[in-house]
Amino acid sequence: MTISKDTLISAVIDALSGSAKLLDFTNESTFSDTVIDNALDALAKLAPNTGVQTLTLQPNVMVYPAPADAWAFKSSSWGVKQSVAPWEPGFVSRLPTIELNNGNLYFSFAPTAAMINTLGSAFTFFYYSTFEYDGTEIAVEPRKQGLLLLLCQMECMKALTIREAGTQVTAKTSNGKIQFGNAQKAYAVLESEAKALAGSL
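Described in the following lines is the structure provided in the data block. Every value quoted in this text rests on a predicted model; they were computed, and no experiment measured them. (Residues numbered from 1 in each chain as written. Predicted model: local features only at pLDDT ≥ 70, side-chain atom pairs only at ≥ 80, totals over all residues. Heavy atoms only, no water.)

## Concerning the overall build of the chain
- For the chain, the helix and strand inventory stands at 5 helices and 10 strands.
- Taken over C-alpha atoms, the radius of gyration comes to 23 Å for the chain, far larger than the 17 Å a tight globule of 201 residues would show.
- Within the chain, the fraction of its 201 residues that count as buried is 40%.
- Of the contacts made within the chain by residues no fewer than 6 positions apart, 71% connect residues no fewer than 24 positions apart.
- Approximately 10,900 Å² of the chain is accessible, and the part contributed by carbon and sulfur atoms is 51%.
- For the chain, the distance from the average site of its 14 positive side-chain charges to the average site of its 18 negative ones is 8 Å. (Helix = DSSP H or I, 4+ residues; strand = E, 2+ residues; numbered from the N terminus. Rg over C-alpha atoms; globule rule 2.2 N^0.38 Å. Buried < 20%, exposed > 50% of the residue type's maximum accessible area, 1.4 Å probe, protein only. Contact = heavy atoms within 4.5 Å. Areas by Shrake-Rupley, 256 points an atom, 1.4 Å probe, with all protein chains shown as cover. Lys, Arg positive; Asp, Glu negative; His and termini not counted. Charge placed at Lys NZ, Arg CZ, Asp CG, Glu CD.)

Listed below in structure tokens is the structure:
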């Protein structure tokens, strides 16, 4: 499922009400894209997507390319269940740990030919993925779109804290539209609600 940039920004402007006029949401401005990009980064951490992929292990190779949409390694069951008991010959007692960095998966040590022969060359793993945004459409499931709206408002409050620190602002939470004394206070309230909403997803 996707939501269009225009639909999301319209919802943001509606949520901000009179405060929206203090920000530049025109087509000529890059502000909307910056808000969406930053909000999607926050969404990926608060309510992450999980992707899955399988790669073929090669003996003595410890670096493999990661999926393009991956931002962190999650888990793998490779080597967890083995056909022999821990006290039996052939049991692999030490498995590598994996980290994702700069678009690559790094094994803490390269699996050997003997390990691959015992555990298999197919390494299936789960990873945390980013949300796709092509400048027009945002790939985010409906149940997370309310959280994305809150995060976009938070990005706007960051901007207003810098530009209009003393101005009274408006924001819309799930409980309705609220007037706040300043953008910093609004940000704190939106952040609290965003964390609570993320915890319920």
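On we go from here.
## Comments concerning the pairing of strand 10 (residues 176–180)
- Relative to strand 10, strand 9 (residues 169–173) is paired through 5 bridges, and the arrangement is antiparallel. Counterpart to A171 in the pairing with strand 10 is I178.
- Where strand 9 folds back on strand 10, the antiparallel hairpin that results is connected by 2 residues. (Pairing = 2+ DSSP bridges.)

## With respect to the sheet that holds strand 6 (residues 104–107)
- Pairing within the open sheet is antiparallel, and its 3 strands lie in the order 3-6-5. Looking at the sheet topology across the chains shown, the edges are occupied by strand 3 (63–65) and strand 5 (98–101). For this sheet, the mean inter-axis angle between neighbouring strands, taken without regard to orientation, is 25 degrees.
- Looking at chain direction, strand 3 and strand 6 are connected through 3 bridges and run antiparallel. Its bridge partner being in strand 6, Y64 is matched across the sheet by L105. (Axes fitted to C-alpha atoms, helices over the stretch in contact; angles between N-to-C directions.)

## With respect to the packing of aromatic side chains
- In total, this model carries 8 aromatic pairs according to the counting rule given.
- Here the aromatic rings of F25 and F31 are separated by 5.4 Å at their centres, their planes lie at 75 degrees, and the arrangement is edge-to-face.
- The class of F25 is buried, set by a relative accessible area of 14%.
- On the basis of relative accessible area, F31 is assigned to the buried category, the value being 10%. (Phe/Tyr/Trp six-rings, centres within 6.5 Å; stacked < 30°, edge-to-face > 60°.)

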